[in-house]
Structure formats: C-alpha cells, structure tokens
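# Examination of the molecular architecture
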Amino acid sequence: DGGITQSPKYLFRKEGQNVTLSCEQNLNHDAMYWYRQDPGQGLRLIYYSQIVNDFQKGDIAEGYSVSREKKESFPLTVTSAQKNPTAFYLCASRRTGQGSMNTEAFFGQGTRLTVV
Amino acid sequence: SQQGEEDPQALSIQEGENATMNCSYKTSINNLQWYRQNSGRGLVHLILIRSNEREKHSGRLRVTLDTSKKSSSLLITASRAADTASYFCATDRVFGNEKLTFGTGTRLTIIP
C-alpha cells in the first residue's frame, strides 16, 4: 500500500540524549515536512525538504536536525539542545509543482515523544 | 510564525446542525487547504482551493476563499457525531518555496 510511515509511535528519551524519529514514504513525493504539535495547539513547522540532499529550516528549527539522503526518507533528530522536546511530531509529504500546482499533503500517524 | 488563525478556537453544536469555521492568513497565497485531525492521529486532507477560485464543494463540505480579505471559511452541513475532530487550514504562500504553514485549528464537537 502507498503511504507515509512514522516510527516509533511512542518514544521516551532521557534528558541530554539525542533521539531520531523515522519517516518513510513510498508515494514518490519530492517534498517532505516535519511538524511539532503541542497539546491543544496547531502545527508548527520544524524543517522541510523540497528535494533530495536539500532542506530548509522552518519556524522552530533550533534543537533539531534532519537529513534527506534518499527521496523516501526524512529522519528528524531531536538533539539535547532542544529544551522542551516533549510533543507530538508529525511527518508529511506531497507532490509539488511550481507553487500554484502544489498539492495536498499526506501525513503519517505521528510519534509521541516524552522526556523522562 | 503561524500563517493562519482559525476562528473560533472551539465550537460545539447539535448533530444535524451546520458548522462554520473561519481561517485568516497574512500573506498572499497560491492555495489554501483544509485538514481534519482526530485526537492523537495524523491529519487528513479535506479540500484544496486555489487563489483564483472563490468557492468549492466536496460532499457536505463547502469552502469559500476571499483573497481581498485574506480569509477562508469551511462549512460542514448536516453535521454528524463522526465529524467531531480538530480542523486546520494550511496555506501555500506565493514565493513560499513549497513551505506549507498551518493555522491554530478549531476544535469541533458534535453533540448527539
């Protein structure tokens, strides 16, 4: 089945540790996104990538890092520099085409990260 | 920064009534999209309206776009208990380089 998969669903991290969240898609989409959602809040953009080997900071990139070595994969690392990492993380992908032809985004089911 | 702001933040209505939620945004856009999120899940796309369109329908959904006021509305007619969810607007800005920015969301509760 075509889709976008995030793993793990739940993740616990000790303070001071880096953790990596996985996001894989088999939809052949060029663009991929990472969002953070806090309880009762909207989605805030962390990083996005328009194409392999390229990515841009979103609105809240500090304390996070990403890579885009393959079209299918866009892992997010939450570093120890992120002071308040407990949140729900959502990955998305979509087909893009010169701004006005951009399409809808497909989302994974999310990873809930808790710092213990 | 949040591009979109939904209004109201929360809405409770009786089953069968219509639900209207609004989205305002700040900069010129190529298109505006509405998404739905059930609690603790990923978002699901509902409808996309391009900047040169004024109204669009999909089943019980009706979306309007007023680019002069930088606002959009989502109308859900004949609401059902299963429509209980959070609803978000998202915008593709002109010169935004495929950056997709979401609003703060409206929490809709349908009372059976």
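Structure shown above.
Report on the accompanying structure.

About the cut-offs
- Residues numbered from 1 in each chain as written.
- Chains lettered and ligands numbered in written order.
- Predicted model: local features only at pLDDT ≥ 70, side-chain atom pairs only at ≥ 80, totals over all residues.
- Heavy atoms only, no water.
- Helix = DSSP H or I, 4+ residues; strand = E, 2+ residues; numbered from the N terminus.
- Rg over C-alpha atoms; globule rule 2.2 N^0.38 Å.
- Contact = heavy atoms within 4.5 Å.
- Buried < 20%, exposed > 50% of the residue type's maximum accessible area, 1.4 Å probe, protein only.
- Areas by Shrake-Rupley, 256 points an atom, 1.4 Å probe, with all protein chains shown as cover.
- Lys, Arg positive; Asp, Glu negative; His and termini not counted.
- Charge placed at Lys NZ, Arg CZ, Asp CG, Glu CD.
- Salt bridge = Lys/Arg side-chain N within 4 Å of Asp/Glu carboxyl O.
- Disulfide = S-S within 2.5 Å.
- Pairing = 2+ DSSP bridges.
- Axes fitted to C-alpha atoms, helices over the stretch in contact; angles between N-to-C directions.

Of regular secondary structure, chain A possesses zero helices and 11 strands. Along the chain direction, N to C, the helices and strands of chain A fall in the order β-β-β-β-β-β-β-β-β-β-β. The C-alpha atoms of chain A give 14 Å as radius of gyration, which agrees with the globular expectation for 116 residues (13 Å, within 12%). Intrachain contacts of chain A at a sequence separation of at least 6 include 54% that bridge at least 24 residues.

Our focus in this paragraph is the overall build of chain B. Within chain B one finds zero helices and 11 strands. Each helix and strand of chain B, placed in order from N terminus to C terminus, yields the pattern β-β-β-β-β-β-β-β-β-β-β. Its C-alpha atoms give chain B a radius of gyration of 13 Å, within 12% of the compact-globule value 13 Å for 112 residues. Projected onto its principal axes, the C-alpha positions of chain B cover 45 × 30 × 20 Å. The proportion of buried residues among the 112 residues of chain B is 48%. Per element, the accessible surface of chain B, about 5,100 Å² overall, is 46% carbon and sulfur. Of the charged side chains in chain B, 14 are positive and 11 negative; the average position of the first set lies 3 Å away from that of the second.

What follows is about the pattern of salt bridges. Side chains that carry opposite charge are capable of pairing whenever their charged atoms lie near each other. Under the defined criterion, the tally for this structure stands at eight salt bridges over all chains. Glutamate 53 of chain B is the salt-bridge partner of lysine 56 of chain B, the closest N and O atoms lying 4.0 Å from each other. Given the relative accessible area of 29%, lysine 56 of chain B is considered partly exposed. Glutamate 53 of chain B gets classed as partly exposed once you look at its relative accessible area, which sits at 26%. Linked through salt bridges whose partners overlap, the residues forming this network are Arg36, Asp38 and Arg44 of chain A.

Moving on: the state of the cysteines. Residue and element names in this part refer to chain A. This model, assessed by the stated rule, comprises two disulfides over all chains. Disulfide partner of cysteine 23: cysteine 91, at an S-S distance of 1.9 Å. On the S-S bond that ties cysteine 23 to cysteine 91, the torsion sits near -75°, and the link is left-handed. Here the residue cysteine 23 occupies a position in strand 3 (residues 19-25), and cysteine 91 occupies one in strand 9 (residues 87-94), the gap between them amounting to 68 residues. A residue is classified by how much of its surface remains accessible, and cysteine 23, at 0% relative accessible area, is buried.

So, on to the sheet that holds strand 3 of chain A. Residues and elements named next belong to chain A. An order of 1-3-8-7 is seen for the four strands of this open sheet, with the pairing classed as antiparallel. Since the sheet does not close on itself, it has two edges, and those belong to strand 1 (4-7) and strand 7 (64-66), each with one partner. On average, each strand axis in the sheet is tilted by 20° relative to the strand beside it, whichever way the strands run. Pairing geometry for strand 7 and strand 8 (residues 76-78), over three bridges, is antiparallel.

The next subject is the environment of leucine 113 of chain A. All names here are of chain A. For leucine 113, the location among the structural elements is in strand 11 (residues 111-115). Look at leucine 113 and you get buried, because its relative accessible area is 0%. In the structure, leucine 113 is positioned 47 residues away from valine 66 in sequence and 16 Å away in space, judged by C-alpha atoms. Sequence-distant contacts of leucine 113, that is, excluding residues within four places in its chain, are made with Leu11, Arg13, Val19, Val78, Pro85, Thr86, Ala87 and Tyr89.

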